[in-house]
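# Report on the structure
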Amino acid sequence: WTAYTDSPEYRAKQELKTAASYVQAGQPLQAVDVYRRLANSPSAFPEAREGMRSCLEQCLQSDSSATVERALRVVAALPPQFNQPTPLVPDAFQHGLSQVEKFRAKDPEISLDILQATAALSPTNEIVKPLRIELLKQAIAARADNTNRVIELALLYEADQQMDQSIAVLQPFKSRLGTTEGARILGQALLRDGKPD
């Protein structure tokens with residue numbers, strides 16, 4: 001009996017039952033974690049892959065921003081076998097972008113987090129950077145005390161060689177930059193302008 005219950009096949013079946021119980025309880029993200037553990041189980045993998053696909057699609061349609069963000073991160077980090085012979089969630093990037101727009105009106109901060117998770121699915125996609133800049137501007141307008149987002153925007157402008165834009169963003173916050181990268185950018189600009197003090 002011990003040999004039977006310690007066998008990989010038996011353990012895989014128990015894991016599938018655990019995942020199914022999470023699905024029935026309305027906890028698809030927990031089920032996803034269980035299915036991912038079955039990536040190297042030949043006997044359970046086909047069922048685990050289908051279960052993973054169903055749960056992730058459900059999560060990507062969720063009204064919970066945290067669930068959407070976590071699901072996108074899971075999709076980006078899936079073991080290779082889950083994406084063979086075809087991607088498990090073929091339109092995950094578009095799902096992510098649509099969720100960015102969905103949460104944008106409620107809270108641009110949340111949308112930025114979802115966009116970051118989405119960007120991992122297609123790091124070189126040209127849509128991401130301009131959208132990120134728009135969302136950062138929106139987040140700063142909503143919360144003027146959010147220095148971290150100001151610095152993030154300034155760094156994006158610096159990376160694009162748009163130093164005037166970067167400095168203009170940082171200038172109103174110069175007393176709150178501390179020892180951040182924002183202080184470095186603004187400090188270097190002031191030195192170039194002959195303002196060492």
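Look a little higher up for the structure.
Model, not experiment: these values are computed from the prediction. (Residues numbered from 1 in each chain as written. Predicted model: local features only at pLDDT ≥ 70, side-chain atom pairs only at ≥ 80, totals over all residues. Heavy atoms only, no water.)

## Remarks on the overall build of the protein
Rules: Only DSSP runs of H or I covering at least 4 residues are called helices, and only runs of E covering at least 2 are called strands; the numbering of each starts at the N terminus. It is over C-alpha atoms that the radius of gyration is taken, and the globule rule equals 2.2 Å times the number of residues to the power 0.38. Only protein chains enter the area calculation, which uses a 1.4 Å probe; residues under 20% of their type maximum are buried, those over 50% are exposed, and those in between are partly exposed. We call two residues contacting when some pair of their heavy atoms lies within 4.5 Å.
Tallying secondary structure elements over the protein gives 11 helices and 0 strands in all. Moving toward the C terminus, one meets the helices and strands of the protein in the order α-α-α-α-α-α-α-α-α-α-α. For a compact globule of 197 residues, the expected C-alpha radius of gyration is about 16 Å, and the protein comes in at 23 Å, more than 25% above that figure. Every one of the 197 residues in the protein was classed for burial, and the buried ones make up 43%. Here the contacts in the protein between residues at least 6 apart in sequence split such that 55% fall between residues at least 24 apart.

## Some points on the nonpolar core
Note on soluble globular proteins: their nonpolar side chains tend to be buried together. To keep it simple, the criterion reads: Only buried Ala, Val, Leu, Ile, Met, Phe, Trp, Tyr and Cys residues count toward a nonpolar core, and they belong to the same one when joined by side-chain atoms within 4.5 Å.
Among the nonpolar cores identified, the biggest contains 58 residues, and Tyr35, Met52, Leu56 and Leu170 are the most heavily contacted of them. Leave out the neighbours within four places in its chain, and Met52 touches Val32, Tyr35, Arg36, Leu78, Phe82 and Leu88.

## Overview of the state of the cysteines
Our working rule: When two cysteine sulfur atoms are found within 2.5 Å, that pair is recorded as a disulfide.
A complete count under the given rule lists 0 disulfides for this structure. Not part of a disulfide, Cys59 finds its nearest cysteine sulfur in Cys55, a span of 6.5 Å.

## Concerning the packing of helix α6 (residues 92–104) against helix α7 (residues 108–119)
Put simply, the test is: Helix axes use the C-alpha atoms of the stretch in contact, all axes being lines fitted to C-alpha atoms, and the angles between their N-to-C directions lie in the range 0 to 180 degrees. An angle counts as roughly parallel when it lies under 35 degrees, as roughly antiparallel when it exceeds 145, as roughly perpendicular when it falls between 65 and 115, and as oblique in every other case. When residues are grouped by polarity, Ala, Val, Leu, Ile, Met, Phe, Trp, Tyr, Cys and Pro land in nonpolar, Asp, Glu, Lys and Arg in charged, and all others, Gly among them, in polar.
Put simply, α6 and α7 touch, their axes get as near as 8 Å, and they point 175° apart. Relative to α7, α6 is oriented roughly antiparallel. Along the contact surface, α6 presents Phe93, Gly96, Leu97, Gln99, Val100, Phe103 and Arg104, while α7 presents Pro108, Ile110, Ser111, Ile114, Leu115 and Thr118. When its residues are assigned to classes, the contact of α6 with α7 shows 8 nonpolar, 4 polar and 1 charged.

## Thoughts on the pattern of salt bridges
Rule in force here: Whenever a carboxyl oxygen of Asp or Glu lies within 4 Å of a side-chain nitrogen of Lys or Arg, that contact is scored as a salt bridge.
By the definition in use, this model includes 18 salt bridges. A salt bridge links Glu69 to Arg73; the nearest nitrogen and oxygen atoms lie 3.0 Å apart. With Glu69 and Arg73 both in helix α5 (residues 65–76) and 4 residues apart, the pair spans about one turn of that helix. Of the charged contacts in the structure, one is a salt bridge between Arg143 and Asp145, with a shortest N-O distance of 3.3 Å. A relative accessible area of 43% places Arg143 in the partly exposed class. Connected through salt bridges with shared partners, the residues Glu109, Asp113, Arg132, Arg149 and Glu152 form a single ionic network.

## Re helix α9 (residues 147–159)
For the record, the criterion: Each helix should span, by expectation, one fewer than its residue count multiplied by 1.5 Å.
Between its terminal C-alpha atoms α9 stretches 18 Å, which fits the 18 Å expected from 13 residues at 1.5 Å a residue. Burial in α9 covers these residues: Thr147, Arg149, Val150, Ile151, Glu152, Leu153, Ala154, Leu156 and Tyr157. Within two residues after α9, Gln161 carries a phi angle of roughly 65°, on the positive side.

## Quick word on the environment of Ala31
With respect to the helices, strands and loops of the structure, Ala31 is situated in helix α3 (residues 28–37). According to the relative accessible area criterion, Ala31 is buried, its value standing at 0%. Linking Ala31 and Lys102, residues 71 residues apart in sequence, is a C-alpha distance of 25 Å. Here Ala31 is in contact with Ala19, Tyr22, Val23 and Cys55, once residues within four sequence places are set aside.

## Notes on unusual backbone geometry
In this structure, Pro85 follows Gln84 across a cis peptide bond, with omega equal to 5°. With respect to the helices and strands, the residue Pro85 is situated in the loop between α5 and α6.

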